[in-house]
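Now for the letters of each chain:
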Amino acid sequence: MKNNHLKYKKIIFNISLASMLILSCFSFGQKSSYKMITEGNAQYDQKKYSDAEVNYRKSITTGKNVKEGNYNLGNSYYKQDKFEEATKQYETTGALKDLNDEDRSVIYHNLGNALLKEKKYPESIDAFKNALKANPKDNDTRYNLAYAQSMLQKEQEQKKKDNKDDKNKDQQKKDEQQKKEDQQKKEDQQKKDDQAKNKDNKEDQSKEENKNKANKNKISKEDAEKILQALNNDEKKTQKKVNLKEPVKMNIEKQW
């Protein structure tokens, strides 16, 4: 049946009636193991998966019916969404030596399902391939394999997209940082240019002021001639006044 787009295989291993009768004659422990598994199976069918888990665990400790106990324990984990535990349990079961092709096919099929639930797509693909090696005609496994492969492809495409987005974000940050640095350089250069311009303006202003002072203190030729003429006129007037003065006569008394 389908379970979240996956083909799930439920196979509960049981001991045959003949084996039960033989084992009941020779081993109470074996009968106890069988009883725990059958009780676990009944609870499993009633969807009491945690109770079934307890019985399957106990059956394994007896050292009997190990294959059945381990596999069914994995199924009980799976039904409780304990996919990591289910994966480990299926792997433990798959490593047993007394497995036939049908056993391996079923175990690896459900192992693939558990791995899919954990989104471990490459590992689930390998599990489904192992299941197909044991049973090449299993269409359910073939379907799940194709599904796992499609999920892996989607994941890889998403990673590429995320990486591309991350690169674009990094490039955008670099561009923004470069833009800020360029703007800062531009502002610094403008500040230097303004300072240099202000300095030149001050120097030009100072030169202009000095020039004005020099021009102010400088007497034009015309002014100089006027001043010289005025001085000459003053000198002539002074000379004229001097010439008009009567000489002072100094009388010297005779010495007796």
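Now for a look at the structure at hand.

What counts, and at which threshold
Residues numbered from 1 in each chain as written. Predicted model: local features only at pLDDT ≥ 70, side-chain atom pairs only at ≥ 80, totals over all residues. Heavy atoms only, no water. Helix = DSSP H or I, 4+ residues; strand = E, 2+ residues; numbered from the N terminus. Buried < 20%, exposed > 50% of the residue type's maximum accessible area, 1.4 Å probe, protein only. Contact = heavy atoms within 4.5 Å. Areas by Shrake-Rupley, 256 points an atom, 1.4 Å probe, with all protein chains shown as cover. Patch = residues over 30% accessible without salt bridge, like charges linked within 9 Å, V, L, I, M, F, W, Y side chains within 5 Å. Salt bridge = Lys/Arg side-chain N within 4 Å of Asp/Glu carboxyl O. Core = buried A, V, L, I, M, F, W, Y, C linked by side-chain atoms within 4.5 Å. Polar contact = N/O pair within 3.5 Å; in protein donor to acceptor, adjacent residues only side chain to side chain.

## Notes on the overall build of the protein
Part 1 of the reasoning: Along the backbone of the protein there are nine helices and two strands.
Part 2 of the reasoning: Counting from the amino terminus, helix and strand elements in the protein follow one another as β-β-α-α-α-α-α-α-α-α-α.
Part 3 of the reasoning: Counting over 256 residues, the protein shows a buried share of 27%.
Part 4 of the reasoning: The contacts in the protein between residues at least 6 apart in sequence include a share of 57% that link residues at least 24 apart.
Part 5 of the reasoning: With an accessible surface of roughly 19100 Å², the protein has 50% of that area assigned to carbon and sulfur atoms.

## Focus: a nonpolar patch on the surface
Part 1 of the reasoning: A surface patch of nonpolar side chains, amounting to about 290 Å² of accessible area, comprises Ile 227, Leu 228 and Leu 231.
Part 2 of the reasoning: Overall, the relative accessible area of 44% leaves Ile 227 in the partly exposed class.

## Brief notes about the nonpolar core
Part 1 of the reasoning: The biggest cluster of nonpolar side chains holds 19 residues, and the ones touching the most others in it are Tyr 56, Tyr 78, Ala 86 and Tyr 90.
Part 2 of the reasoning: Every element with two or more residues in this core is listed here: helix 2 (28-45), helix 3 (49-61), helix 4 (66-79), helix 5 (83-94) and helix 6 (101-117).
Part 3 of the reasoning: Sort the elements by how many residues they give to this core and helix 6 lands first, with five residues.
Part 4 of the reasoning: Formed by eight residues, the second largest nonpolar core is a distinct cluster that contains Leu 116, Ile 125, Phe 128 and Leu 132.

## Some words on the side chain of Thr 141
Part 1 of the reasoning: Of note, Thr 141 is situated in helix 8 (residues 139-217).
Part 2 of the reasoning: Classification of Thr 141 as buried rests on a relative accessible area of 0%.
Part 3 of the reasoning: Only 3.0 Å separates the side chain of Thr 141 from the side chain of Asp 138, close enough to count as a polar contact.

## Points about unusual backbone geometry
Trans is the prevailing form of peptide bonds, just as negative phi is the prevailing case for residues other than glycine.
Part 1 of the reasoning: Residue Lys 47 is not a glycine yet carries a positive backbone phi of 65°.
Part 2 of the reasoning: Tracing the backbone shows Lys 47 in the loop between helix 2 and helix 3.
Part 3 of the reasoning: In this structure, Lys 119 is a non-glycine residue whose phi angle is positive, near 60°.
Part 4 of the reasoning: If you trace the backbone, Lys 119 turns up in the loop between helix 6 and helix 7 (121-134).

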